[in-house]
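As a plain string of letters, each chain reads:
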Amino acid sequence: MGVTFAQAAFSGSMLLAVPVAAVAGFVAFASPCVLPLVPGYLGYLGGMSGATLAGSSRRATPSDGGAAPVTAPQPEVPGRSSADVGRTRLLAGVGLFVAGFTLVFVLLGVLAGSVGGVLKDWQDPLTRVLGVVVVVMGLAFMGLVPFLQQDRRVHLSPRAGLWGAPLLGLVFGLGWTPCIGPTLVAITALSLDGGSPARGAVLSVAFCLGLGLPFVLIALGTARSARALALLRRHRLAVMRAGGGLLVVLGLALVSGLWGTWAQWLQGLLTSSGVFVPVV
């Protein structure tokens, strides 16, 4: 297991794929089917965790993109203000929410890696076919494939305490998969390309870091995170086009075989410099 993980983590292909997966996660966060709903999700998580957020007392729901956050009474903790307690509970709720959808995507990545291992004899043609799919998904992300622009999501709202936050994360991971499909297809293609469950798990974690870290930073409630969210909203079209362009480039690299060439070059560069010993 340790050798397999080392091969997955330090191969040239993985060193290229991990940053791509993290960027794909951030692009998914900035997409129109996630970004407008962030305030509603944070408000709903605040209500579930009993956190106090600035704003009104109207109850938020995950599907309410402009919902005002929930205001709930906070228990007094000696030496800490109610705002500090509320922020801590909100961060705990957001962390559990991120953990919930991370579980879904990691399982999908492990499954994709396992399937890739079974189909290893057909890895080259499979990679090229998946590259074509990634190109199409990238064009769809840029708004150039109208019939793939349909928004399909499952709206379920667990009504519970703090323990319900990971359940909401599971719902997000399962229900929003068709919506963030273009970026997820890219991660699946990269997971299948390596033919390793460990590779699929690592790439899925990187994807979830890109998708989940902005939730955590915005939940901190800093002025910078609020300005960054407003900036993303104003430039979401540019973000979508840049993200779609990244997927198109990735797909073309997979189709042409250039991805493997880059991976071999990076692996050789690292091993020849003595940074890593050969693992593959």
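Treat the numbers as computed from the prediction; the structure is a model and nothing was measured. Counting from 1, residues in each chain are numbered in the order their sequence is written. Totals for whole chains, interfaces and linings use all residues, but because this is a predicted model, local features are given only for residues with pLDDT of at least 70 and pairs of side-chain atoms are given and counted only at 80 or more. The side-chain figures draw on all heavy atoms in the structure; neither hydrogens nor water molecules are used.

**Concerning the overall build of the protein chain**
Only DSSP runs of H or I reaching four residues or more are called helices, and only runs of E reaching two or more are called strands; each is numbered from the N terminus. Within the protein chain, the regular secondary structure consists of 11 helices and 0 strands. In sequence order, the secondary structure elements of the protein chain are arranged as α-α-α-α-α-α-α-α-α-α-α. Here the protein chain holds 280 residues, and 45% of them are scored as buried. Contact between two residues is taken to exist if any of their heavy atoms lie within 4.5 Å; hydrogens are not considered. Sequence-distant contacts in the protein chain: of pairs separated by 6 or more residues, those separated by 24 or more amount to 74%. Summing over all exposed atoms, the protein chain offers an accessible surface of approximately 13200 Å²; the carbon and sulfur share of this is 71%. Burial here depends on accessible area, computed with a 1.4 Å probe over protein chains only, as a share of the maximum for the residue type. Under 20% is buried, over 50% is exposed, and the range in between is partly exposed. Values of accessible area rely on a 1.4 Å probe in the Shrake-Rupley scheme; residue burial ignores everything except the protein chains shown.

**Focus on the environment of Leu 203**
Tracing the chain through its elements places Leu 203 in helix α8 (residues 197-219). Setting aside residues no more than four positions away along its own chain, Leu 203 makes contact with Met 14, Ala 17, Val 18, Ala 21, Ile 187, Leu 190 and Ser 191.

**Considerations on the nonpolar core**
Throughout this description, the term nonpolar core refers to a set of buried Ala, Val, Leu, Ile, Met, Phe, Trp, Tyr and Cys residues connected via side-chain atoms within 4.5 Å. Within the largest apolar cluster, 59 residues are counted, with the highest numbers of intra-cluster contacts made by Phe 29, Phe 97, Phe 105, Phe 207 and Phe 215. Among the elements that line this core, the one with the most residues is α8, at 9 residues. Leave out the neighbours within four places in its chain, and Phe 29 touches Val 34, Leu 35, Val 38, Gly 210, Leu 211, Pro 214, Phe 215, Ile 218 and Leu 232.

**What about the packing of aromatic side chains?**
In this analysis, rings of Phe, Tyr and Trp, with Trp reduced to its six-membered ring, are considered paired at centre separations within 6.5 Å, and the interplanar angle assigns stacked below 30 degrees, edge-to-face beyond 60, and tilted for intermediate values. The full count for this structure, using the stated rule, is 10 aromatic pairs. Consider the rings of Phe 29 and Phe 215, whose centres lie 5.2 Å apart with planes at 80°: the pair is edge-to-face. In this pair, Phe 29 is assigned in helix α2 (residues 12-29) and Phe 215 in helix α8, connecting sequence segments 186 residues apart. Both residues of the pair, Phe 29 and Phe 215, belong to the buried class. Each ring, one from Phe 97 and one from Phe 101, has its centre 5.5 Å from the other, and the planes form 80°; the classification is edge-to-face. Here Phe 97 pairs with Phe 101, and both are found in helix α4 (residues 82-118), just 4 residues apart, close to one helical turn. Looking at Phe 101, the relative accessible area reads 0%, which means it is buried.

Everything listed here is a matter of geometry and, on its own, says nothing about what the molecule does.
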